[in-house]
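Here's the letter readout for the chains.
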Amino acid sequence: MINFIAKSQLMQRKYILPLLLLFQILFLKIIVFFPEFVERFYSNGLYPIISRFSRITLGKIPFSVGDIIYGIVIIYVLKSIVKIRKSWTRGAAERSGAKKEWKNAVLKTLSILSVVYFLFHFLWAMNYYRQPLFEKMKIERDYTNADLLTFTKKLIAKTNAIQTQITKNDSVKVIFPYSQEQVFEMNLDGYQTLSNQYPFFNYTNPSIKKSLFSLPLTYMGFGGYLNPFTNEAQVNYLMPMYNSPTTTCHEMAHQMGFSSESECNFIGFLASVKNDNLYFQYSGYSFALRYCLGNWQIRNEKVFDELLKTVHPGILKNYKESEDFWKQYETPIETGFHIFYDNFLKFNQQKDGMESYSKFVNLMVGYYGNREL
């Protein structure tokens, strides 16, 4: 009798975590309607404590702890797949017991997913449900083609001027003189200046790493990512270095609790151009200009062609450098991963998916308005 009760209790426990997964999903469907609550109690309350603890704990470690954890998980998953495939080859006599094993395997998988899903949101991803940056910074959402054209022309003039200051020749591309480690350290200057104006962009306790998965990231078409479990900003060290400051600032923005890709592009741009270093400013302005030109290429090909004629050849050579770099790693893997990540973003409150990266043009045009670059 005692053994029966013990077995019954054990069976009931197997269902607890899978059921909690369902409750978590339902909870997130509800919390989406309360961004002010998330902003106050999580993004500006609990999360900064979690984030600071993670960065203090892991920031001084010279390698990516998160990448190592992911590597171990990948090996474990591959071994599990091999084990499952072996079970398919069993004889008919063993298949009756295999049904029970499959049921246990499904429950175990759902239990693991439930724990991972909870940690993912508790440690970082609740920020997907926070107040939009438009509201936080009181930026106008709407703009006209005339507004975009005026801003793009200002951006071209500014980027041209900085490129000339650096190279002394409008036809020479900018060659970045700093190492990846120097970029990680120097980016703090831009964030310090930015936080003087907006205290919520204050960044302390750096935890920025060169990703051990930089080659796979390149094949997937990404310049970096934030590990939500260890709060380490991972940067692809293989990409052209002139892109590194803005890409790194983008990942640092994720660390501060900004989940939207468009918002992190905008924050990364601001932190780069607020830096006193010309190379860092060039990284930010050339990054923003490329998105604005891309926007015009979609909106009006004729206007795009006219704008392109006014961009210094040296800047276009930097763009070609980036294009050539990414092109050599183009494979179906990139396409497949982009489809996956596009749906992942849409599932997590970013309805534009991968297109949300370019939506930061809205933020730039709205933010600058009558401001000078």
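Everything below is about the structure printed above this text.
A brief structural summary. (Residues numbered from 1 in each chain as written. Predicted model: local features only at pLDDT ≥ 70, side-chain atom pairs only at ≥ 80, totals over all residues. Heavy atoms only, no water.)

1. Quick look at the packing of aromatic side chains
So, point 1. Going through the model one piece at a time under the given rule, you end up with 30 aromatic pairs.
So, point 2. Consider the rings of Phe-118 and Phe-122, whose centres lie 5.6 Å apart with planes at 10°: the pair is stacked. Taken as a pair, Phe-118 and Phe-122 lie in helix α4 (residues 92–123) at a separation of 4 residues, close to a single helical turn.
So, point 3. Of the aromatic side chains, those joined through ring pairs into one cluster are Phe-151, Tyr-198, Phe-200, Phe-201, Phe-258, Phe-266, Phe-269, Tyr-285, Tyr-367 and Tyr-368.
So, point 4. In this arrangement the basic side chain of Arg-55 is found over the ring face of Tyr-203, its NZ or CZ atom lying 4.8 Å from the centre.
So, point 5. Above the face of the Phe-258 ring, Arg-130 is positioned so that its terminal group lies 4.5 Å from the ring centre. (Phe/Tyr/Trp six-rings, centres within 6.5 Å; stacked < 30°, edge-to-face > 60°. Helix = DSSP H or I, 4+ residues; strand = E, 2+ residues; numbered from the N terminus. Lys NZ or Arg CZ within 6 Å of the ring centre and 35° of its normal.)

2. Observations concerning the pattern of salt bridges
So, point 1. Across all of its chains, the model carries 8 salt bridges by this definition.
So, point 2. A salt bridge links Lys-320 to Asp-324; its shortest N-O distance comes to 2.9 Å. Here Lys-320 pairs with Asp-324, and both are found in helix α13 (residues 313–327), just 4 residues apart, close to one helical turn.
So, point 3. Residue classification places Lys-320 among the partly exposed residues on the basis of a relative accessible area of 43%.
So, point 4. The residue Lys-327 makes a salt bridge to Glu-323 at a minimum N-O spacing of 3.5 Å. (Salt bridge = Lys/Arg side-chain N within 4 Å of Asp/Glu carboxyl O. Buried < 20%, exposed > 50% of the residue type's maximum accessible area, 1.4 Å probe, protein only.)

3. Re the nonpolar core
Inside soluble globular proteins, nonpolar side chains tend to come together where they are buried.
So, point 1. In this structure, Met-137, Tyr-191, Phe-201, Phe-266, Ile-267, Phe-269 and Met-364 are the most contacted members of the largest nonpolar core, which totals 61 residues.
So, point 2. With 9 residues, helix α11 (residues 278–299) is the single largest residue contributor to this core.
So, point 3. Those residues within four positions of Phe-269 in sequence are excluded, and the remaining contacts are Thr-246, Gly-284, Tyr-285, Ala-288, Phe-360, Met-364 and Tyr-368. (Core = buried A, V, L, I, M, F, W, Y, C linked by side-chain atoms within 4.5 Å. Contact = heavy atoms within 4.5 Å.)

4. A word on the environment of Leu-238
So, point 1. Looking at the secondary structure, you find Leu-238 in the loop between β3 (232–235) and α9 (244–255).
So, point 2. Residue Leu-238 is classed as partly exposed on the basis of its relative accessible area, which comes to 31%.
So, point 3. Distance in space between the C-alpha atoms of Leu-238 and Gly-223 is 8.6 Å, their sequence separation being 15 residues.
So, point 4. Once you skip the residues sitting within four places of it in the chain, Leu-238 turns out to touch Ser-214, Leu-215, Thr-218 and Phe-325.

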